[in-house]
Amino acid sequence: MVNIVETLRILIADDHQLFRNGVRALLQSHAGWEICGEASTGREAVAKTIELRPNVIILDIIMPYLNGADAARRIRMASKNAEILILSVHYSDQLIREIIDAGALGYVLKTDSDRDLLLAVESLARHKQFFTSKAKRVIKNEFIREGKFTNISTVLRNPLSSREREIVQLLAEGKNSREVSLSLGISVKTVETHRANIMRKLEIHNVSELVRYAVRNQLIEP
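Residues numbered from 1 in each chain as written. Predicted model: local features only at pLDDT ≥ 70, side-chain atom pairs only at ≥ 80, totals over all residues. Heavy atoms only, no water.

Enquirer: Help me get a handle on the environment of Ile10, residues and values and all.
Expert: Looking at the secondary structure, you find Ile10 in strand β1 (residues 8–13). Judged by its relative accessible area of 0%, Ile10 falls in the buried class. In this structure, the C-alpha to C-alpha distance between Ile10 and Leu52, residues 42 residues apart in sequence, is 9.5 Å. In contact with Ile10, other than residues within four places in its own chain, are Leu27, Trp33, Glu34, Ile35, Cys36, Gly37, Pro54, Val56, Ile58 and Val121. (Helix = DSSP H or I, 4+ residues; strand = E, 2+ residues; numbered from the N terminus. Buried < 20%, exposed > 50% of the residue type's maximum accessible area, 1.4 Å probe, protein only. Contact = heavy atoms within 4.5 Å.)

Enquirer: Which residues make up the packing of helix α2 (residues 42–52) against helix α3 (residues 68–78), and what are the values?
Expert: It is the contact of α2 with α3, at a shortest axis distance of 9 Å, that shows an interaxial angle of 15 degrees. It follows that α2 is roughly parallel to α3 by the angle criterion. Between α2 and α3 the crossing geometry is right-handed. Every residue of α3 that contacts α2 at Gly42, Ala45, Val46, Thr49 and Ile50 is listed here: Ala71, Arg74, Ile75 and Ala78. Taken together, the residues of the contact of α2 with α3 sort by class into 6 nonpolar, 2 polar and 1 charged. (Axes fitted to C-alpha atoms, helices over the stretch in contact; angles between N-to-C directions. Parallel < 35°, antiparallel > 145°, perpendicular 65-115°, else oblique. Left-handed = near helix turned anticlockwise from the far one by under 90°. Nonpolar A, V, L, I, M, F, W, Y, C, P; charged D, E, K, R; others polar.)

Enquirer: Give me the lowdown on unusual backbone geometry, citing residues and values where you can.
Expert: Phi is positive for His127, which is not a glycine, with a value near 60 degrees. Mapped onto the fold, His127 is located in the loop between α5 (114–125) and β6 (130–131). A relative accessible area of 42% means that His127 is categorised as partly exposed. Phi angles above zero are rare outside glycine, and Glu203 is one such case at about 55 degrees. Structurally, the position occupied by Glu203 is in the loop between α10 (188–202) and α11 (207–216). Glu203 sits in the exposed class, given a relative accessible area of 65%.

Enquirer: Give a description of the nonpolar core that names residues and reports values.
Expert: Counting 29 residues, the largest nonpolar core has Ile57, Leu59, Ile61, Ile84, Ile86, Ile99 and Tyr107 as the members making the most contacts within it. Looking at this core, the elements that each hand over two or more residues are β1, β2 (33–39), α2, β3 (56–60), α3, β4 (83–88), α4 (93–102) and β5 (106–109). Looking at this core, the element that brings in the most residues is α4, giving 5 residues. Among the nonpolar cores identified, the runner-up in size contains 20 residues, and Val56, Ile58, Leu87 and Leu117 belong to it. (Core = buried A, V, L, I, M, F, W, Y, C linked by side-chain atoms within 4.5 Å.)

Enquirer: Could you give an account of the pattern of salt bridges, with specific residues and numbers?
Expert: Enumeration according to the criterion identifies 14 salt bridges in this entry. Where Glu34 meets Arg9, a salt bridge forms, and the shortest distance between an N and an O atom there is 3.4 Å. With Glu34 in strand β2 and Arg9 in strand β1, this pair connects stretches of sequence that are 25 residues apart. Given a relative accessible area of 25%, Arg9 falls into the partly exposed group. In this structure, Glu166 engages Arg163 in a salt bridge whose closest nitrogen and oxygen atoms are separated by 3.3 Å. Placement of both Glu166 and Arg163 in helix α8 (residues 162–172) is noted, with a separation of 3 residues, approximately one turn of the helix. Residue classification places Arg163 among the partly exposed positions, given a relative accessible area of 29%. Each of Arg43, Arg74, Arg163 and Glu166 takes part in salt bridges that share partners, so that together they form one network. (Salt bridge = Lys/Arg side-chain N within 4 Å of Asp/Glu carboxyl O.)

Enquirer: Describe the packing of aromatic side chains, naming the residues involved and giving the relevant values.
Expert: Scanning all chains against the criterion turns up 0 aromatic pairs. When the ring centre of Phe19 is taken as origin, the NZ or CZ atom of Lys110, which lies over that ring, is 4.3 Å away. (Phe/Tyr/Trp six-rings, centres within 6.5 Å; stacked < 30°, edge-to-face > 60°. Lys NZ or Arg CZ within 6 Å of the ring centre and 35° of its normal.)

Enquirer: Before we move on, can you summarise helix α1 (residues 17–28) with the specific residues and values?
Expert: Here α1 spans 16 Å end to end across 12 residues, near enough to the 16 Å set by a 1.5 Å rise per residue. Residues of α1 that are buried include every one of Arg20, Val23, Leu26 and Leu27, and no others. For α1, the angular spread of buried residues about the axis comes to 130 degrees, placing them on one side. The inward-facing, buried residues of α1 contact β1, β2, β3 and α5. (Expected span 1.5 Å × (residues − 1). Arc of directions from axis to C-beta.)

Enquirer: Describe the side chain of Arg165, and please don't skip the residues or the numbers.
Expert: By the element assignment, Arg165 lies in helix α8. Within the structure, Arg165 has its side chain in polar contact with the side chain of Asp70 (distance 2.6 Å). (Polar contact = N/O pair within 3.5 Å; in protein donor to acceptor, adjacent residues only side chain to side chain.)

And the structure:
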């Protein structure tokens, strides 16, 4: 039987204050659950995970400076015991693959019911996965091949590294190479080298195409 902590500490990360307020009100009404902190950006979510040591982190997939999938990767590296629940307005097979590869244990659509969110948090508190019905179908189709489980990273690997996705997000948000370099603490030359590699890997040729890629892959909001 899996042990559950007496007080479940939850961190909510979403860039919309009203949504955080709604999730907070719903979750803190549950006996034994405590909202230990909130974050409005992906980077803040990583920093607060390290500082506050929550048991469950609820991450919006689209956030400024660092999207939910890449934030989940950093959180997983920083905290082996905390579980990550991804929230999204949209559903895509690619997104499911991304969040599983990132180490998230749950996925809930923002259009799902309050009960689904509560069930998801309860499952993650027991270190058990929780995915929407659509996500389960993807997992079944992609992971089970002739009765054998397949590593998701071998099914469809994102061509970009975590650093490259971070740069794509910042460029698509309208930042120039100098602003990206200041934001990430790297040189302008390094940013431009990454940018050239990104364009080559994605076979795109201008910022407009880069923005469309970022929107399709939920790195930024349309």
